[in-house]
Amino acid sequence: MSEAYRIDWKEELIDGRPVAMAPASVGHTFASNNILNIFMNYLKGKKCVPFGEGPLVYLTEKDHFVPDVMIVCDHNKIKPNGIDGAPDLVVEVLSPSTMRYDKTYKKDIYAKSGVKEYWLVNPSDKSIEVYRGVNNVFTIHDVYTIIPDWMLSNMPQSEQRAAEASFKCSLFEDLEISLNEVFSDWH
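Source: prediction; values computed, not measured.

Enquirer: Before we go on, may I ask you to explain the state of the cysteines in this structure?
Expert: Within the structure shown, the criterion is met by 1 disulfide. Each sulfur of the disulfide joining Cys48 and Cys73 lies 1.9 Å from the other. Residues Cys48 and Cys73 are joined through a disulfide that is right-handed, its torsion about the S-S bond being 105°. In this pair, Cys48 is assigned in the loop between helix H1 (26-43) and strand E3 (49-52) and Cys73 in the loop between strand E6 (69-72) and strand E7 (78-79), connecting sequence segments 25 residues apart.

So this is what it looks like as structure tokens:
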């Protein structure tokens, strides 16, 4: 194989074991980029800082994660080599290779470390599970899904109104997250 086809794998440290992160799919990339752009635009000139995939988050001696998107409001946690401590919000976009960790072990470590809000974004079914942290434990707040038009048209009007296509981030009362914006550019 030529050098042009070499793939560089990123790694996370999960429970003391290095775990390779597979390259992201197109749907994964669109969703994480769209979420990052929403936060970049909203947080411009404000205290909190959005980060896309890249910096390591050092949570414990055995747990160094690379979230797809995170928000850090405590600037003392931002170090040259990554984020030292829990971000305020973490977004993980699900991939078949990492979904098991994102939904179980990593979710638990994020909660125990003090993350205030955790999103699991599924590009396949265009849904977002929102968890909120209280006393270092996550509870599910809600699940938001884009419902296809053909399905909406067959629902009673009361159910159509309940099918929310947006939600508010608990960290920022005036920030409305639109699922159509998160999942735009992806079919």
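Enquirer: How should the pattern of salt bridges be read in this particular structure?
Expert: Once the charged atoms of two side chains with opposite charge are near each other, the side chains can pair. Tallying each qualifying case throughout the model produces 7 salt bridges. Members of the salt-bridge network, linked through shared partners, are Glu12, Glu92, Asp102 and Lys106.

Enquirer: It is not clear to me how the side chain of Glu117 should be interpreted in this structure. Could you clarify?
Expert: Looking at the secondary structure, you find Glu117 in strand E10 (residues 117-122). Given a relative accessible area of 0%, Glu117 falls into the buried group. Among the polar contacts listed, one links the side chain of Glu117 to the side chain of Ser170, at a separation of 2.3 Å. Setting aside its immediate chain neighbours within four residues, Glu117 contacts Asp88, Leu89, Val90, Val130, Tyr131, Arg132, Cys169, Ser170 and Leu171.

Enquirer: What should I look at first to understand the nonpolar core in this one?
Expert: In globular proteins that are soluble, nonpolar side chains generally tend to be buried together. With 27 residues, the main nonpolar core has Phe39, Trp119, Val121, Ile128 and Phe172 as its most contacted residues. Counting only elements with at least two residues in this core, the list comes to H1, E6, strand E9 (89-93), E10, strand E11 (127-134) and helix H6 (179-182). Of the residues forming this core, the biggest block, 7 residues, is contributed by H1. Beyond its immediate stretch of four places on either side in the chain, Trp119 contacts Ile35, Phe39, Leu89, Val90, Val91, Glu92, Ile128, Glu129, Val130, Phe167, Cys169 and Ile177. Within the second largest apolar cluster, 21 residues are counted, among which are Ile14, Leu59, Ile83 and Ala111.

Enquirer: Help me understand the side chain of Glu92, please; the structure alone is not making it clear to me.
Expert: Inspection of the secondary structure assignment puts Glu92 in strand E9. A distance of 3.1 Å separates the side chain of Glu92 from the side chain of Lys106, its partner in a polar contact. Side chain to side chain, Glu92 and Tyr110 meet in a polar contact 3.0 Å long. Non-local contacts of Glu92, meaning those with residues more than four positions away in its chain, are made with Val66, Pro67, Asp68, Asp102, Lys106, Tyr110, Tyr118, Trp119, Leu120 and Val121.

Enquirer: Where do I start with the confidence of the model for the chain in this structure?
Expert: Close inspection of predicted coordinates is inappropriate for parts of the model with low pLDDT. When pLDDT is averaged along the chain, the result is 89, and 90% of the positions lie at 70 or above. No element of the chain has a lower mean pLDDT than helix H5 (residues 157-162), at 66, and none a higher one than E6, at 98.

Enquirer: Please clarify how the sheet that holds E11 should be interpreted in this entry.
Expert: Through backbone hydrogen bonds, the strands of a sheet pair up, either in parallel or in antiparallel fashion. Read from one edge to the other, the open sheet built from 6 strands follows the order E3-E6-E9-E10-E11-E12, with strand pairing classed as mixed. If you trace the sheet from one side to the other, it starts and ends with E3 and strand E12 (137-145), each paired once. If you compare each strand with its neighbour and ignore which way they point, the axes differ by 15° on average. Across 8 bridges, E11 lies against E12 in antiparallel orientation. Each residue of the ladder has a partner; that of Gly133, found in E12, is Phe138. Against the sheet, H1 makes contact with E3, E6, E9 and E10, and its axis sits at roughly 165° relative to E3, the strand it touches most. Packed onto the sheet, helix H3 (residues 105-113) meets E9, E10, E11 and E12 and runs at close to 120° relative to E12.

Here is what the cut-offs are and how they apply
- Residues numbered from 1 in each chain as written.
- Predicted model: local features only at pLDDT ≥ 70, side-chain atom pairs only at ≥ 80, totals over all residues.
- Heavy atoms only, no water.
- Disulfide = S-S within 2.5 Å.
- Helix = DSSP H or I, 4+ residues; strand = E, 2+ residues; numbered from the N terminus.
- Salt bridge = Lys/Arg side-chain N within 4 Å of Asp/Glu carboxyl O.
- Buried < 20%, exposed > 50% of the residue type's maximum accessible area, 1.4 Å probe, protein only.
- Polar contact = N/O pair within 3.5 Å; in protein donor to acceptor, adjacent residues only side chain to side chain.
- Contact = heavy atoms within 4.5 Å.
- Core = buried A, V, L, I, M, F, W, Y, C linked by side-chain atoms within 4.5 Å.
- pLDDT = per-residue confidence, 0-100.
- Pairing = 2+ DSSP bridges.
- Axes fitted to C-alpha atoms, helices over the stretch in contact; angles between N-to-C directions.

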